[in-house]
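Below are the chains, spelled out letter by letter.
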Amino acid sequence: MPLIPRLRHLIDRFGATGSLLCAVHCAVIPVALAAAPSLGLSVWLGDGIEQALVVFVTLLGLFSLFWGYRRHGALRALGFLIPGLVALWTGVLYDPLHHDPVPHAVVMTLGGLLVGVAHLVNLRLNHGHVHDASCAH
C-alpha cells in the first residue's frame, strides 16, 4: 500500500479508536470522580485535559474527514462528525451542563461515540472507493 493511502487509513483508525476511547472515558467519569482522590487520578479529570482532548478530536476529525472527502466525495461521515463535535463542545463550554456530572457524561459520551462512528464511516468510504472513469482525482 503506498504511503498516502496507508497514512489516510491510519489517521481514520487512530481517530476512531481515540474517539471511542474518549466516549468510554466520558462514561466512566462519574464513577472515577468518586474514586479519583484515593487513586491519584484527579489530574486526568481536570477541565484543561478535557478541553485539550476536544480540541484535538476536532482538529483530527475535520482533517481526516476533509482528506477522506477529497478521495470519496461523500458527505455521510459529516452527518456523524458535526453533531458529535457540537455535543462535545456543548459539554465543555456550556457551564450548566459542564458542572452537572450525569448529563455532562451522557453528552460527552454521545459526542465521542458520534465522532468515532464518523471516523469508521469515513474509513469504510475510503476502503470502498473505486478508481474508474467517474473518479474525480
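Calculation notes
Residues numbered from 1 in each chain as written. Predicted model: local features only at pLDDT ≥ 70, side-chain atom pairs only at ≥ 80, totals over all residues. Heavy atoms only, no water. Helix = DSSP H or I, 4+ residues; strand = E, 2+ residues; numbered from the N terminus. Buried < 20%, exposed > 50% of the residue type's maximum accessible area, 1.4 Å probe, protein only. Contact = heavy atoms within 4.5 Å. Areas by Shrake-Rupley, 256 points an atom, 1.4 Å probe, with all protein chains shown as cover. Phe/Tyr/Trp six-rings, centres within 6.5 Å; stacked < 30°, edge-to-face > 60°. Axes fitted to C-alpha atoms, helices over the stretch in contact; angles between N-to-C directions. Parallel < 35°, antiparallel > 145°, perpendicular 65-115°, else oblique. Left-handed = near helix turned anticlockwise from the far one by under 90°. Nonpolar A, V, L, I, M, F, W, Y, C, P; charged D, E, K, R; others polar. Core = buried A, V, L, I, M, F, W, Y, C linked by side-chain atoms within 4.5 Å. Polar contact = N/O pair within 3.5 Å; in protein donor to acceptor, adjacent residues only side chain to side chain.

1. Details of the overall build of the chain
So, step 1. When helices and strands are counted, the chain shows 5 helices and 0 strands.
So, step 2. Going from the N terminus to the C terminus, the chain shows its helices and strands as α-α-α-α-α.
So, step 3. Counting across all 137 residues of the chain, residues that qualify as buried make up 38%.
So, step 4. Put simply, 74% of the contacts in the chain that link residues at least 6 apart link residues at least 24 apart.
So, step 5. By element, 73% of the accessible surface of the chain is carried by carbon and sulfur atoms, the whole surface being about 8,100 Å².

2. Focus: the packing of aromatic side chains
So, step 1. Across all of its chains, the model carries 1 aromatic pair by this definition.
So, step 2. Ring geometry for Phe 63 against Trp 67: centres 5.3 Å apart, planes inclined by 50°, an arrangement best described as tilted. One end of the pair is Phe 63 and the other is Trp 67, both in helix 2 (residues 47-72) and 4 residues apart, which spans about a single turn.
So, step 3. For Phe 63, a relative accessible area of 44% gives the class partly exposed.
So, step 4. On the basis of relative accessible area, Trp 67 is assigned to the buried category, the value being 13%.

3. Observations concerning the packing of helix 3 (residues 78-93) against helix 5 (residues 101-127)
So, step 1. Where helix 3 meets helix 5, the axes come as close as 7 Å, and the angle between the chain directions of the two elements is 155°. Here helix 3 lies roughly antiparallel to helix 5, going by the angle between them. The element helix 3 and its partner helix 5 pack so that their crossing is left-handed. Here helix 3 contributes Phe 80, Leu 81, Pro 83, Gly 84, Leu 85, Ala 87, Leu 88, Gly 91 and Val 92 to the contact with helix 5, which in turn contributes His 104, Val 107, Met 108, Gly 111, Gly 112, Leu 114, Val 115, Val 117, Ala 118 and Val 121.
So, step 2. Grouping the amino acids of the contact of helix 3 with helix 5 by side-chain chemistry returns 14 nonpolar, 5 polar and no charged.

4. Some remarks on the nonpolar core
So, step 1. Of all hydrophobic cores here, the largest spans 14 residues; its most connected members are Leu 81, Leu 85, Leu 88 and Val 115.
So, step 2. Listing elements by their share of this core, those giving two or more residues are helix 2, helix 3 and helix 5.
So, step 3. Broken down by element, the residue count for this core peaks at 5 residues, all from helix 5.
So, step 4. The residues touching Leu 81, leaving out its near neighbours within four places in the chain, are Gly 61, Leu 62, Leu 65, Leu 114, Val 115 and Ala 118.

5. Quick word on the environment of Trp 67
So, step 1. Distance in space between the C-alpha atoms of Trp 67 and Asp 12 is 10.0 Å, their sequence separation being 55 residues.
So, step 2. Those residues in contact with Trp 67 that lie beyond four places of it in its chain are Ile 4, Leu 7, Arg 8 and Ile 11.

6. Here we look at the side chain of Thr 109
So, step 1. Structurally, Thr 109 can be placed in helix 5.
So, step 2. Here the side chain of Thr 109 touches Ala 105 through a polar contact of 2.6 Å, landing on its backbone oxygen.

7. Some points on the packing of helix 2 against helix 3
So, step 1. One can describe the packing of helix 2 onto helix 3 by two numbers: an axis separation of 10 Å at closest approach and a directional angle of 165°. Overall, the two elements helix 2 and helix 3 adopt an arrangement that is roughly antiparallel. Crossing handedness for the pair helix 2 and helix 3: left-handed. Note on element contacts: helix 3 touches helix 2 through Leu 78, Leu 81, Leu 85, Leu 88, Trp 89 and Val 92, opposite Glu 50, Gln 51, Val 54, Val 55, Val 57, Thr 58, Gly 61, Leu 62 and Leu 65.
So, step 2. When grouped by side-chain class, the residues that make up the contact of helix 2 with helix 3 number 11 nonpolar, 3 polar and 1 charged.

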